[in-house]
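# Coordinate inspection notes
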Amino acid sequence: QSLCRLRFVVFVVSTTGQGEPPVNMKRLWQDLLVASLPKTLLEGMRFAVFGLGDRHYREFNYAARKLHARLHGLGAEPFLRLGLGDDQHDFGLEQELDPWAEAMWDALTTICQPRTLSTAEIANLNDCRYSLDIVGQASTPSAFSASRPTLQDAEEFVARVRANWSLCTQEHAKEQQDVRNICLQLPPSRSYSAGDVLVVWPQADSELVTRFVVETLGLELTTLVKVSVLCSESSGGASSSAFPETPLTLEEIFTSYLDISAVPSRHFFHVLSKHTTHELHNRKLSEFASRTLEGKDSLYEYCKREKRSAAEVMWDFWTARPPLAELLSALPPMRPRRYSIASCPQWCGASVSFEGLARHWARYTRAVCPAWRLPLAGAGAIGACAEALQRQHRQDAAPTDEQGMLDLCVAIVQFTTRTGREGKGLCSTFLQRAEIGDPIRCSFEKGTLAPRPANVPLILVCPGTGLSPCRALVQDRHLQLSRSGAMKGGRFQAGLKDLMFLGFRHREGDLLYGDEWSTFEPWLSVRIAFSRDHEDRKVYVQDVIEENGAHVCGLLDAGAQIFVCGRAHPMPAQVFDAFVEVLQAHRGLTLESATTRLREMQRRQQYICDTWG
């Protein structure tokens, strides 16, 4: 009803999942899809749509495209072409946004005469979103306590680190990449389901924060400030804020609320350019902030390609020091990261396999212990170790063990740029250095995947840490089958087990949760591709899918559903093509009919991709 009353509307829309609208648009989208709506419902409304997309996904800007078509179908008229931004472009979304926004202002000036600002209003225009009041100094050297993160929302809670260990050998973690299992203890009031997502709010490294606040800004960590939003007529007198209403120390602000390790926006360079008297610095910052092709190219080479952080930019341009309020307005806000939970709630705790833990410890000691120490080997030694672990577990059990626990499978992000600069991922490094008992600010979200009835066959394709949601679903299904007794009969007895395709680099380096997969052998056939263990070629999950084509087709004929999890490019497209080839080779389908069958499965949510990056 409110939409019908608007004359001019600009929609800026991202795409999530498999071409779905973002969470804050889903209700509106459902209302717009009602079949009984008249085709003249939005007559008189003029609109424009800009999509925030990524060409690495098949469903590039689907939400924006569908919204544009639906609004037009309900009688609204576009006053501007559909804009489709691509975050994979060298210049990012701005490559399409800049000309689109310029055309939007020109169009609006023609159809909707802008109001003339008064002299006083022009004088009050600035780039600052916040006002600051310094309220004093904290009474202790660090008023910010890592043991009590501030919660901003009723859905948020504090989880505690219960365990943190590497799933790789020491050599692989050092030379390739470390992947860690983070076990978190939940508060009693929180619960989750297999397939859910944990939203994690990271914190910046304390040494980086100290250097930035004390050395770069010349301020004190303990300075207490109250940050308020500057209201304007255009925002209706209200605007959202990244900060709470209570005073914060500068240590808190730059640890938990602003991300000084993130790549800054073009606007950040504009703000810096206004607050330097250094001629060369001003010229270079102004070039980075410009919309010219040369400026965009320079900004890409200096900042985006090198993943240069906001803190590093201020170290390079040491003469640019804007007022604190303007700096807070220009810096990127701290964003949460989302991790698919790698466990189901019923599995954690009581279902621990102490024998599996003992075997994992044996592999670990063989990999990292000195040669003079006798390795743990043999069935007797493994059994004795398992019994010892179980006894220790009983001794250590506390009332908190009745609370829920969950696992995260986290790949530690480290990279080297073309110029040799080394960088780290903010959240993965934060989790890597987390110690037992440390608090983590979190919340839950529903994931793309969810458990299916036990009689529905599953084909899971999950290379690398993409196994996280699939591990949770496998644990959940194993418990279902164990309770019902269905594991010993039906299609499992006939050899038609569910399929799971995993992908890692080395069998002896990064076989994640390797000792667990045999637990599910009665009903799950696990096929693993080790891409670097073959001298003559690289083997990926799509190759192993083709090798098991007869089994795959048997499951598809039985009504199997396909879940594909992992990085968004190029794996999902290659896996799709592998399934097409399997249907052609083992069912005699043409390329077109095989593709149509899989597309229909996607439409019915029977072929789901849960990907990222």
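In short, a report on the structure. (Residues numbered from 1 in each chain as written. Predicted model: local features only at pLDDT ≥ 70, side-chain atom pairs only at ≥ 80, totals over all residues. Heavy atoms only, no water.)

### Section: the pairing of strand S18 (residues 524-530)
Counting buried positions along S18 gives 5 out of 7 residues, so the element sits mostly inside the fold. Pairing geometry for strand S17 (residues 498-504) and S18, over 7 bridges, is parallel. If you follow Leu502 over to S18, its bridge partner there is Ile528. (Buried < 20%, exposed > 50% of the residue type's maximum accessible area, 1.4 Å probe, protein only. Helix = DSSP H or I, 4+ residues; strand = E, 2+ residues; numbered from the N terminus. Pairing = 2+ DSSP bridges.)

### Some details on the sheet that holds strand S7 (residues 179-185)
Hydrogen bonds along the backbone pair up the strands of a sheet, which may run parallel or antiparallel. With antiparallel pairing, the 6 strands of this open sheet are ordered in space as S11-S8-S15-S6-S7-S12. The open sheet terminates on both sides in strands that have one partner only, identified here as strand S11 (337-340) and strand S12 (405-411). Going across the sheet, the axis of each strand differs from the next one's by a mean of 40°, ignoring polarity. Of the pairings in the sheet, the one linking strand S8 (residues 197-201) to strand S15 (residues 439-445) comprises 5 bridges and is antiparallel in character. Counted as the bridge partner of Val199 is Ser443 from S15. On the sheet, helix H16 (residues 467-484) packs against S7, S11 and S12 and is oriented at approximately 150° with respect to S12. (Axes fitted to C-alpha atoms, helices over the stretch in contact; angles between N-to-C directions. Contact = heavy atoms within 4.5 Å.)

### Re helix H19 (residues 549-557)
Along H19, 7 of the 9 residues are buried, which leaves the element largely enclosed by surrounding structure. Backbone geometry just downstream of H19 places Gly559 in the positive-phi region, at approximately 90°.

### Comments concerning the pattern of salt bridges
Pairs can form between side chains of opposite charge whenever their charged atoms are close. For the coordinates displayed, the defined rule picks out 26 salt bridges. The partner of Asp178 in a salt bridge is Arg180, with the nearest N and O atoms 2.9 Å apart. When sorted by exposure, Asp178 lands in the same class as Arg180, which is buried. Arg421 is the partner of Glu306 in a salt bridge, and the nearest nitrogen-oxygen pair spans 3.5 Å. Highlighted residues: Glu306 in the loop between helix H10 (293-304) and helix H11 (310-316) and Arg421 in the loop between strand S13 (414-416) and strand S14 (422-424), separated in sequence by 115 residues. (Salt bridge = Lys/Arg side-chain N within 4 Å of Asp/Glu carboxyl O.)

### Considering the nonpolar core
Counting 38 residues, the largest nonpolar core has Phe243, Ile253, Phe254, Phe268, Phe269, Leu328 and Leu331 as its most contacted members. Residue assignment for this core shows that the elements contributing at least two residues are helix H6 (206-216), strand S9 (223-229), helix H7 (250-257), helix H8 (266-273), helix H9 (279-289), H10, H11 and helix H12 (324-330). Among all residues touching Leu328, those that are not within four sequence positions of it are Tyr130, Leu132, Val227, Phe243, Ile253, Phe254 and Leu258. (Core = buried A, V, L, I, M, F, W, Y, C linked by side-chain atoms within 4.5 Å.)

### Quick word on a nonpolar patch on the surface
A surface patch of nonpolar side chains, amounting to about 230 Å² of accessible area, comprises Val10, Val12 and Leu52. Tracing the backbone shows Val12 in strand S1 (residues 8-14). (Patch = residues over 30% accessible without salt bridge, like charges linked within 9 Å, V, L, I, M, F, W, Y side chains within 5 Å. Areas by Shrake-Rupley, 256 points an atom, 1.4 Å probe, with all protein chains shown as cover.)

### Some points on H8
Across the 8 residues that make up H8, a large majority, 6, are buried. Three or more residues of H8 are buried, namely Arg266, Phe268, Phe269, Val271, Leu272 and Ser273. Close packing links the buried residues of H8 with helix H3 (94-111), H9, H10, H11 and H12.

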